[in-house]
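Survey of secondary and tertiary structure
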Amino acid sequence: MKVIKVKNYEEMSEEALKVVLEVVKGNEGSVLGLATGSTPLGLYAKMAQDHKENGTSYAECRAVNLDEYVGLDASSDQSYVYFMRENLFKHIDIKLENTHIPNGKAPDKNAECARYNALLGELRQDIQVLGIGSNGHIAFNEPGTAFDSVTHIVDLAESTIKDNSRLFNSIDEVPRQAFTMGLSNIMNAKKILILANGEGKANAIRELVLGEIREEVPASILRNHPDCILICDESAGKYI
Ligand code: GLP
């Protein structure tokens, strides 16, 4: 794993943009694996700005997202499909029909996992963008998830419900379950870009970089990936 330590969130987002643009410019039909959360917001804003100012086109790109809350769809402003439209898709020229996110409202959850997993089989990510949970989760693969997992439904960890409650009116509104790509779906990406900022991620980043590779720290599997880049700011990287 290549580690790039930068000063702050702005520099993290700037460096991340360079990595994404290198992929997109080398292949205009790239498959972009995308993540939600506050971490990639700066990257998405820079992609939008670059699209506007420099005309980088995503018209031929496809996008696959990591995860979605069970029970939410685009009508909810807490859903990840809403998040992606508002924070990225509507600001670039990607075609909405080429963007994919698990359907949080799917009536048959197992069938939805199978559908999404088959789709990932067809759309191998040229790059997968990731954030990291404070407990070391990636996507919604909580500690203890099998390294060979595929798309599945998870019961969210209490710590994740608490972390993510800041985006809801109250903790009771946070869904208790989510659809998520499995760890093997993430590892299947040709390139992985993991971003982390802020003190709250410092322990997770220490475990990711220096800890043992183990299922208790889902992100640690990334050290086995042949082309993974971690970009973190000083606070998140303070132990490494
Ligand atoms: C959620 C998402 C993850 C994300 C994590 C960190 O749990 N499922 O994909 O990496 O939150 O979020 P943030 O970037 O807001 O700290």
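Every chain is numbered on its own, with residues counted from 1 as its sequence reads. Note on the predicted model: pLDDT of at least 70 is required for a residue's local features to be given, and 80 or more for side-chain atom pairs to be given and counted; whole-chain, interface and lining totals, by contrast, use all residues. Water and hydrogen atoms play no part in the side-chain values, which are based on all heavy atoms of the structure.

**Observations regarding the site of the ligand**
Stated precisely, the cut-off is as follows: Proximity is defined per residue: if any heavy atom of the residue lies within 4 Å of a molecule or strand, that residue is considered near it. Two N or O atoms form a polar contact when they lie within 3.5 Å of each other; inside protein one atom must be a possible hydrogen donor and the other a possible acceptor, and for residues adjacent in sequence the pair counts only when both atoms belong to side chains. In this description, accessible areas are obtained by the Shrake-Rupley approach with a 1.4 Å probe, and a residue is regarded as covered only by the protein chains that are shown. In this count, Pro and Cys sit with the nonpolar residues alongside Ala, Val, Leu, Ile, Met, Phe, Trp and Tyr, while Asp, Glu, Lys and Arg are called charged and the others, Gly among them, polar.
Surrounding the ligand, one finds 13 residues, the nearest of these being Ser38, Thr39, Asp67, Arg166 and Lys201. Within the contact set of the ligand, an oxygen atom lies 2.7 Å away from a side-chain nitrogen or oxygen of Ser38. A distance of 2.8 Å is found between a nitrogen atom of the ligand and a side-chain nitrogen or oxygen belonging to Asp67. When the free accessible area of the ligand is taken as 390 Å², the share hidden by the protein chains comes to 94%. The residue inventory of the shell around the ligand, partitioned by class, reads four nonpolar, six polar and three charged.

**Structural notes on the side chain of Asp67**
Stated formally: A run of H or I in DSSP counts as a helix once it spans at least four residues, and a run of E counts as a strand once it spans at least two, with each numbered from the N terminus. The classification of residues rests on relative accessible area computed with a 1.4 Å probe and restricted to protein chains. Under 20% of the type maximum is buried, over 50% is exposed, and intermediate values are partly exposed. For the purpose of charge, His is not counted, nor are the chain termini; Lys and Arg are scored as positive and Asp and Glu as negative. By definition here, a salt bridge exists when the distance from a side-chain nitrogen of Lys or Arg to a carboxyl oxygen of Asp or Glu is within 4 Å.
Tracing the backbone through its elements, the reader meets Asp67 in strand β4 (residues 67-69). No salt bridge is formed by the buried Asp67, whose closest oppositely charged neighbour, Lys201, lies at an N-O distance of 12 Å. A distance of 3.4 Å separates a polar side-chain atom of Asp67 from the backbone nitrogen of Phe140.

**Some points on helix α7 (residues 202-210)**
Residues lying three or four places apart along an α-helix face the same way, a consequence of the helix completing one turn every 3.6 residues. To keep things clear, this is the line we draw: Here, the arc refers to the directions that run from the helix axis to the C-beta atoms. Residue contacts are counted whenever heavy atoms from the two residues lie within 4.5 Å of one another.
Of the positions making up α7, those classed as buried are Ala202, Ala204, Ile205, Leu208 and Val209. Across the axial projection of α7, the buried residues extend over an arc of 160 degrees, all falling on one side. Looking at the packing, one finds that the buried side of α7 touches β9 (192-196) and β10 (228-233).

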